[in-house]
Amino acid sequence: MFETLSDRLTSVFSSLRSRGRLSEADIDATCREIRIALLEADVALPVVKAFIARVKERARGAEVSQALNPAQQVVKIVHDELIEVLGGETRRIRFAKTPPTVIMLAGLQGAGKTTLAGKLAKWLRDQGHAPLLVACDLQRPNAVQQLTVLAERAGVAIFAPEPGNGVGDPVAVARQSIDHAKRKQYDVVIVDTAGRLGIDEEMMRQAADIRDAINPDEVLFVLDAMIGQDAVNTARAFMEGVGFDGVVLTKLDGDARGGAALSVRQITGRPIMFASTGEKLEDFDVFHPDRMASRILD
Ligand code: GDP
C-alpha cells in the first residue's frame with residue numbers, strides 16, 4: 001500500500017534538496033509532480049485539486065521560515081496536508097451512555113465485513129467489553145457459519161437465527177439481538193449485514209431497514225481499499241442509501257495504490273476509524289491519520 005506514491009513523493013522531494021530558495025516556478029513544478037503522483041495513486045480528482053491548492057498556497061507563504069530548508073518545508077506542508085486529508089485526529093468509537101452500544105456494519109459483499117466484525121469484537125473484548133456479534137447477513141450462504149467460527153475464535157458471543165430456518169428476516173434478527181443483549185448484559189452489539197457484489201437498491205433498502213429498526217450508535221461503512229477508483233462511487237452510494245458515521249478500510253495489506261484511503265474522508269465527510277491489514281483476527285487497528293501520513297512520506 002502506498003509504495004508507488006511514497007516512491008514518487010520521495011523523488012519529488014529529493015529533487016528540491018539542492019535548492020537554496022524556492023521560486024514560484026519551483027513550487028509550480030513541484031505541485032505538478034505531486035498532482036501526478038496523487039492521480040496515479042487513484043486519488044479522486046476533486047480531492048487532488050483541493051490538496052494541491054492548499055500545498056501551493058502554503059508553500060508560497062512558507063518562504064519566511066528560517067528553521068527549515070525549502071525541501072524540508074515542502075515535506076512538512078505535504079505531511080500536514082496528508083494528515084488533514086486522512087482525517088486529522090483519530091476518531092474513536094462513541095459508546096452509548098446506556099449500554100448496549102450498537103454498531104452496524106455496511107458495505108459491499110467481499111469488502112471484509114464479516115471478518116471485520118470478528119476483529120472488532122476481539123479488539124473490544126481485549127479492552128474489557130462484552131461484545132455480542134449478530135449475524136444479519138442472511139443472504140450469503142456461508143456468512144452465518146463464518147461469523148460463528150469467528151465468534152468462537154475471538155471468544156465472544158454470537159446471536160444468529162437457527163440454521164435451517166429458511167432465509168430469515170434480518171430486520172427481525174437485528175431487533176431481537178438488542179433485547180437479547182440487554183437481557184444478557186452484553187455492552188456492545190456488532191451487527192453484520194448483507195452486501196452485494198455491486199450497488200444494489202434492495203441491499204441498500206435492507207441495510208436502511210435494519211438501521212431504522214435498531215437505531216445504531218455507529219454505522220461503519222466497510223470499504224475494500226483495493227477497489228481503487230470505484231471506492232468513491234461506492235462510498236457515495238452508501239452515504240446516500242444508508243448513511244454512516246465512520247469508515248473501516250480493509251485489505252490495506254494488499255498492493256493498493258492508496259486512492260481510497262486518501263479520498264474517502266473528503267468525499268463522504270466521514271472519518272476513517274479503523275484499518276484492517278490481513279486475514280487474521282489480530283490484523284486490525286485504530287486508524288491514525290498522522291502515522292499513515294508519516295508512512296507515506298517515510
Ligand atoms: P464480506 O462479504 O464483506 O463479509 O467479506 P468477508 O469478511 O467474507 O471477506 C472477504 C475476503 O476478504 C475473505 O477471504 C477475507 O479473508 C478477506 N479479507 C478480509 N479482510 C481482509 C484484509 O484486511 N486483508 C486481506 N488480505 N484479506 C482480507
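So, how was this worked out
Residues numbered from 1 in each chain as written. Predicted model: local features only at pLDDT ≥ 70, side-chain atom pairs only at ≥ 80, totals over all residues. Heavy atoms only, no water. UniProt positions renumbered as here; feature names shortened; annotations may be inferred. Helix = DSSP H or I, 4+ residues; strand = E, 2+ residues; numbered from the N terminus. Buried < 20%, exposed > 50% of the residue type's maximum accessible area, 1.4 Å probe, protein only. Contact = heavy atoms within 4.5 Å. Areas by Shrake-Rupley, 256 points an atom, 1.4 Å probe, with all protein chains shown as cover. Pairing = 2+ DSSP bridges. Axes fitted to C-alpha atoms, helices over the stretch in contact; angles between N-to-C directions. Parallel < 35°, antiparallel > 145°, perpendicular 65-115°, else oblique. Left-handed = near helix turned anticlockwise from the far one by under 90°. Nonpolar A, V, L, I, M, F, W, Y, C, P; charged D, E, K, R; others polar. Expected span 1.5 Å × (residues − 1). Arc of directions from axis to C-beta. Near = heavy atom within 4 Å. Polar contact = N/O pair within 3.5 Å; in protein donor to acceptor, adjacent residues only side chain to side chain.

The chain has the name Signal recognition particle protein in an unreviewed UniProt entry, where Thermobispora bispora is given as its organism. The UniProt entry for the chain carries the following text under Subunit (unreviewed entry): "Part of the signal recognition particle protein translocation system, which is composed of SRP and FtsY." Regarding the chain, the UniProt comment filed under Function (unreviewed entry) reads as follows: "Involved in targeting and insertion of nascent membrane proteins into the cytoplasmic membrane. Binds to the hydrophobic signal sequence of the ribosome-nascent chain (RNC) as it emerges from the ribosomes. The SRP-RNC complex is then targeted to the cytoplasmic membrane where it interacts with the SRP receptor FtsY."

**Student:** When you look at the overall build of the chain in this model, what are you seeing that I'm missing?
**Tutor:** Counting its secondary structure elements, the chain contains 11 helices and eight strands. In terms of principal-axis extent, the alpha carbons of the chain reach across some 70 × 35 × 30 Å. The proportion of buried residues among the 298 residues of the chain is 52%. Partitioning the contacts of the chain with sequence separation of at least 6, the portion at a separation of at least 24 is 79%. Total accessible area on the chain is roughly 13,800 Å²; 47% of this is exposed by carbon and sulfur atoms.

**Student:** What's the story with the sheet that holds strand β8 (residues 284-286) in this structure? I'm lost.
**Tutor:** Strand pairing in a sheet takes place through backbone hydrogen bonds and is either antiparallel or parallel in direction. Spatially, eight strands are ordered β3-β2-β4-β1-β5-β6-β7-β8 in an open sheet, and the strand pairing comes out mixed. Among the strands making up the open sheet, the edge pair consists of β3 (157-159) and β8. Averaged over all adjacent pairs, the angle separating strand axes in this sheet is 25°, with direction ignored. The pairing of strand β5 (residues 218-224) with strand β6 (residues 246-250) spans five bridges and is classified as parallel. Bridging across to β6, F221 finds its partner in V247. The strands touched by helix α5 (residues 113-126) within the sheet are β1 (101-106), β2 (131-136), β4 (188-193), β5, β6, β7 (272-276) and β8, with β4 carrying the most contacts at an inclination of about 170°.

**Student:** Help me understand the packing of helix α7 (residues 170-184) against helix α8 (residues 201-214) in this model?
**Tutor:** Relative orientation and spacing of two packed helices are given, respectively, by the angle between their axes and the distance between those axes. Packing of α7 against α8 brings their axes to within 9 Å, and their N-to-C directions diverge by 25°. Comparing their axes, α8 and α7 come out roughly parallel. The way α7 lies across α8 gives a crossing that is right-handed. Taken together, the residues of α8 that come into contact with α7 (itself represented by P170, V171, A174, R175 and I178) are Q206, D209, I210, A213 and I214. Considering only residue class, the contact of α7 with α8 consists of seven nonpolar, one polar and two charged.

**Student:** Can you help me understand the side chain of H180 in this one?
**Tutor:** Mapped onto the elements of the fold, H180 is located in helix α7. Of the residues examined, H180 reaches a relative accessible area of 16% and is grouped as buried. Leaving out residues up to four positions away in the same chain, H180 has contacts with L132, F159 and Y186.

**Student:** Looking at this structure, how should I read helix α1 (residues 3-14)?
**Tutor:** Counting along an α-helix, one turn takes 3.6 residues, and residues three or four places apart therefore face a common direction. With 12 residues, α1 extends 16 Å from end C-alpha to end C-alpha; this agrees with the ideal 16 Å at 1.5 Å per step. Where α1 is concerned, the buried positions are L5, S6, L9, V12 and F13. For α1, the arc enclosing every buried residue in end-on projection is 130°, short of the 170-degree limit, so these residues lie on one face. Turning to α1, the residues buried within the fold contact α2 (24-40), α4 (70-85), α10 (259-268) and α11 (289-296).

**Student:** Where do I start with the site of the ligand in this structure?
**Tutor:** Around the ligand sit 17 residues in total, of which G110, T114, T115, D253 and E279 are the nearest. Interatomic distance of 3.0 Å between a backbone N/O atom of K251 and an oxygen atom of the ligand. In this structure, an oxygen atom belonging to the ligand sits 3.1 Å away from a main-chain N or O atom of G278. The element contributing the most residues to the shell around the ligand is α5, with four residues. Along the lines of polarity and charge, the residues of the shell around the ligand split into two nonpolar, nine polar and six charged.

**Student:** Any chance you could explain unusual backbone geometry here in plain terms?
**Tutor:** What is expected of a backbone is that most residues other than glycine have negative phi and most peptide bonds are trans. Looking along the chain, the bond that leaves P99 and enters P100 is cis, with omega of 5°. In this fold, P100 is placed in the loop between α4 and β1. At N215, a position not held by glycine, the phi torsion is positive, near 45°. Inspection of the secondary structure puts N215 in the loop between α8 and β5. In this structure N215 comes out as exposed when scored by relative accessible area, which is 61%.

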